[in-house]
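Now for the letters of each chain:
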Amino acid sequence: MRDKYFAKQLTAFLVPLLVPIILLGSLSFLMTQHDVKKDINQNSSFLLHQSQTQLEMILNEIDTLYLALYDNTAIFNELSSVLKNPHYTYESSTSYRIISSFLNGFTSSKPYIQSFYLYVDNPYQRFLSSVGGLVTMDHFYDTAWYDAFMDYTGPPAKWTSRRNIKFYDFESDATPIVTFYNVLIPQKIAIILNIKPKYIESILDDITKYPDQQLFVLDEENHVIFSNHHGGRLQEDQIRSIAGNPASFFDMDTPEGRVNVTKVESERYKWKYVSVIPHSELYKTPTRIFNYTLVFAMIAVACGFLLTFYLIRRNYKQLKMIRTLIKSADDSRVPLKPPLKVQDEYSYIIQNMITHFIEHRYIKTQLLEKKYRLQVMELLALQSQINPHFLYNTLHSVYWESVALTGKPNKASEMIEDLSDILSYSFSDPTKIVTWGEEIANTVSYVNIQRKRYKNKFDVQFDYEEDITRLYTIKLVLQPLVENSIYHGIKEKDGQGLIKVKFRRKEERLHITVIDNGCGIPAEELRQLVERLHSDEERTEHVGLYNTCKRLRLTYEHEFTFRMRSKPGLGTMVELSVPAVEERPLAERE
C-alpha cells in the first residue's frame with residue numbers, strides 16, 4: 001500500500017511539472033528543426049546557383065575560343081595549313097607564332113586553365129597545344145584525349161571527363177584534370193580545354209558553410225567532376241540515387257547516417273550541382289534543445305522525487321495512524337486515545353475523529369443489533385402470514401380419508417397433496433436456503449391447485465436450463481410472482497390465459513421474468529404500484545409481490561434489482577435480477 005500511495009502521489013506531483021517542460025521542449029525542437037531545414041534548403045540552393053554561375057562562366061571560355069579559332073575563317077585556315085603542311089613556310093610560321101601568342105596569353109590569364117588543344121584532321125597526327133606548341137602524338141605526354149575523340153562517331157557534341165595525367169615520366173602520382181571536349185566535326189576538328197579541378201574545388205571549399213558539408217558537381221553522365229572533398233565520400237549507388245531523384249530537396253539515408261540533399265540542375269550543360277549536409281550538423285541546435293529538455297526533465301524528476309518522498313514519508317505516518325484508528329474504531333475492545341497535543345492538521349483530524357468515534361460507538365452498536373433483530377423478525381413475520389402450521393397435519397389426514405372414500409387418488413386428494421407439499425415447503429425452517437429446483441417444484445404444486453380451482457382457465461410455461469436448478473435462493477420467491485399474475489391479471493381476463501416463467505443466467509447474475517397476457521395495469525396505477533413496492537410501508541394490495549421484493553431486498557441489498565412493465569389489454573411483465581449463487585452458505589453447510 002505504501003508503494004502504491006507513493007507512486008500515486010509522485011505521479012500527481014510530477015505530471016503537472018513535466019508536461020509543460022516536455023511540450024515546450026518538443027514544440028521548440030520541431031519548430032526549430034522545421035525552420036533550420038527551410039533555411040538550409042534556401043542557403044544551399046543559393047550556394048549551388050552561385051557555383052553554377054561561376055562554373056558556367058568558365059565554360060563560356062570554350063565558346064570564346066570557339067569563336068576566336070573556328071568561326072574566324074582566316075585564322076582557322078592558317079592553323080589547318082600549319083597542321084596539314086609537312087613543311088613550314090615563312091608565312092605559316094608567322095601565323096603560327098601569332099596564334100600561339102594569343103593562346104598562351106589566353107591560358108596564362110586564366111588560373112583555372114591547365115592547357116588547351118586544337119586538333120584538325122591531318123596525316124601527321126599534329127595538334128596545337130598551349131603548353132608545347134605544335135606537337136605530335138608520339139612526342140606528347142597527354143594522348144588519352146585523342147583516343148576518346150577518335151572513338152566518338154556521333155554528330156557535333158560537347159562533353160566532360162575527369163582524367164589523371166602525368167606531365168613527366170618520373171612523377172609517381174598523376175595530376176587530376178577535367179577535360180572539356182568540343183567536337184565540331186566528328187574525327188575532323190576538336191577543341192579541347194583542360195581545367196585544374198583544384199581551382200574549382202577551392203571555390204567550393206570557400207562557400208562551404210558546415211564542417212561536414214559536401215558540395216560536388218555531376219556531369220551529364222552523373223560522374224563527379226568537382227568536389228570539395230569534405231566529409232565522407234558517397235558511394236556510386238548513392239550518387240546515382242541522388243541524380244535520379246526528381247526532387248530538389250530531400251533526405252536520404254547513408255551508412256554514415258541521414259543527410260539532407262539539395263540539388264540544382266543546369267539546363268544548358270546538363271550538369272547537376274549537389275549539396276549534402278549530415279543531419280548531425282544540420283540539426284545541432286534542435287538536438288541541443290532536445291538534450292536540454294531531457295536534462296531539465298530529469299532534474300525536475302529528481303527534485304520532484306526527493307520532495308515527494310519527504311512529504312509522503314511525513315504524511316504517510318499520519319495517514320497510517322488515521323487508518324489504524326478507523327479500523328480500531330469498529331472494535332470495541334480497542335481503547336481510543338486522542339493525541340496529547342494538536343500539532344498539525346492531521347493531529348487535529350485524529351482528535352476530532354476519536355471524539356466522534358467515542359460518542360457514536362455505543363449508538364452504532366445498538367443500531368446494528370436492532371437492525372439484525374428487525375431483519376430476522378421481518379423474515380419470520382413475512383412467512384407467518386400464511387395459514388397456521390397445524391393445517392399441514394390436518395390436510396395430511398384429510399388426504400387419506402379422501403383416498404379411502406373412493407379407493408384411489410382423485411382430484412380432491414391431488415389438490416390436498418399439492419397443498420400439503422406447499423405448506424410443508426413453507427413452514428419447514430423459513431430461513432433455510434433452497435435450490436431453484438425446489439422453488440420451481442413448489443410453484444408447480446401451487447399452479448396445479450390453481451388450475452383445478454379455475455378449471456384450466458390458464459396455463460403456465462417454465463423456460464430454464466438444467467444448471468439453473470442447482471443454484472441457491474431463499475424460499476417463496478417464485479410462487480408469489482405467479483400468484484400476482486393469476487389474481488391481478490388472468491382472473492379478470494376473458495378467455496384463456498398464459499403465464500411464462502423464464503430463467504436466464506448472464507455470467508454472475510440470474511434474471512427471472514414472469515410474463516402474463518392478463519388485463520394489464522394502466523400507466524398511472526403502475527407508477528404508483530412501483531413506488532409502493534420501493535417504499536417501506538405495509539400494503540394491503542399485492543401483498544405477495546410486496547413481501548417478495550422486501551425479502552429479496554433484505555437478503556441481497558443493492559445486488560437485487562426489480563422492474564415491472566404493463567400495458568392494458570396486453571399483459572404484465574415482472575423482471576427480477578439476483579446473484580447466481582452456486583454454493584450453499586457456509587452457515588447452513590455446517
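In this text the structure is predicted, and so the values were computed from the model without any measurement. (Residues numbered from 1 in each chain as written. Predicted model: local features only at pLDDT ≥ 70, side-chain atom pairs only at ≥ 80, totals over all residues. Heavy atoms only, no water.)

Caption draft 1: Spatial organisation of the sheet that holds strand β7 (residues 214–218). Spatially, β8-β7-β11-β10-β9 is the arrangement adopted by the 5 strands of the open sheet, whose pairing is antiparallel. At either margin of the open sheet sits one strand with a lone partner, and together these are β8 (224–227) and β9 (249–254). Pairwise comparison of adjacent strand axes, ignoring direction, gives a mean angle of 30° for this sheet. In this fold helix α5 (residues 197–207) packs onto β7 and β8, with an angle of close to 50° to the strand it touches most, β8. (Pairing = 2+ DSSP bridges. Helix = DSSP H or I, 4+ residues; strand = E, 2+ residues; numbered from the N terminus. Axes fitted to C-alpha atoms, helices over the stretch in contact; angles between N-to-C directions. Contact = heavy atoms within 4.5 Å.)

Caption draft 2: Spatial organisation of the nonpolar core. In this structure, Trp 436, Ile 499, Phe 562, Met 564 and Leu 576 are the most contacted members of the largest nonpolar core, which totals 42 residues. Discounting residues that sit within four places of it in the chain, Phe 562 has contacts with Leu 533, His 534, Leu 545, Cys 549, Val 574, Glu 575 and Leu 576. Counting 33 residues, the second-largest nonpolar core is a separate cluster that includes Leu 59, Val 120, Ile 207 and Val 217. (Core = buried A, V, L, I, M, F, W, Y, C linked by side-chain atoms within 4.5 Å. Buried < 20%, exposed > 50% of the residue type's maximum accessible area, 1.4 Å probe, protein only.)

Caption draft 3: Representation of the pattern of salt bridges within the structure. One pass over the structure, following the stated rule, counts 11 salt bridges. For Arg 505, the salt bridge is made with Glu 582, and the minimal N-O distance between the two is 2.4 Å. Of the two residues, Arg 505 sits in strand β15 (residues 497–506) while Glu 582 sits in the loop between β18 (571–579) and α16 (586–589), which places them 77 residues apart along the sequence. Look at Arg 505 and you get partly exposed, because its relative accessible area is 30%. One salt bridge connects Glu 524 with Arg 527, and the closest N-O pair in it is separated by 2.3 Å. Note that Glu 524 and Arg 527 are positioned in helix α14 (residues 523–533) at a spacing of 3 residues, about one turn of the helix. (Salt bridge = Lys/Arg side-chain N within 4 Å of Asp/Glu carboxyl O.)

Caption draft 4: The arrangement of unusual backbone geometry in detail. With a phi angle near 55°, Lys 455 is a residue other than glycine that sits in the positive phi range. By secondary structure assignment, the location of Lys 455 is in the loop between α12 (436–453) and β13 (458–463). Lys 455 sits in the exposed class, given a relative accessible area of 74%. A positive phi angle, near 55°, is found at Asn 456, a position not held by glycine. Mapped onto the secondary structure, Asn 456 falls in the loop between α12 and β13.

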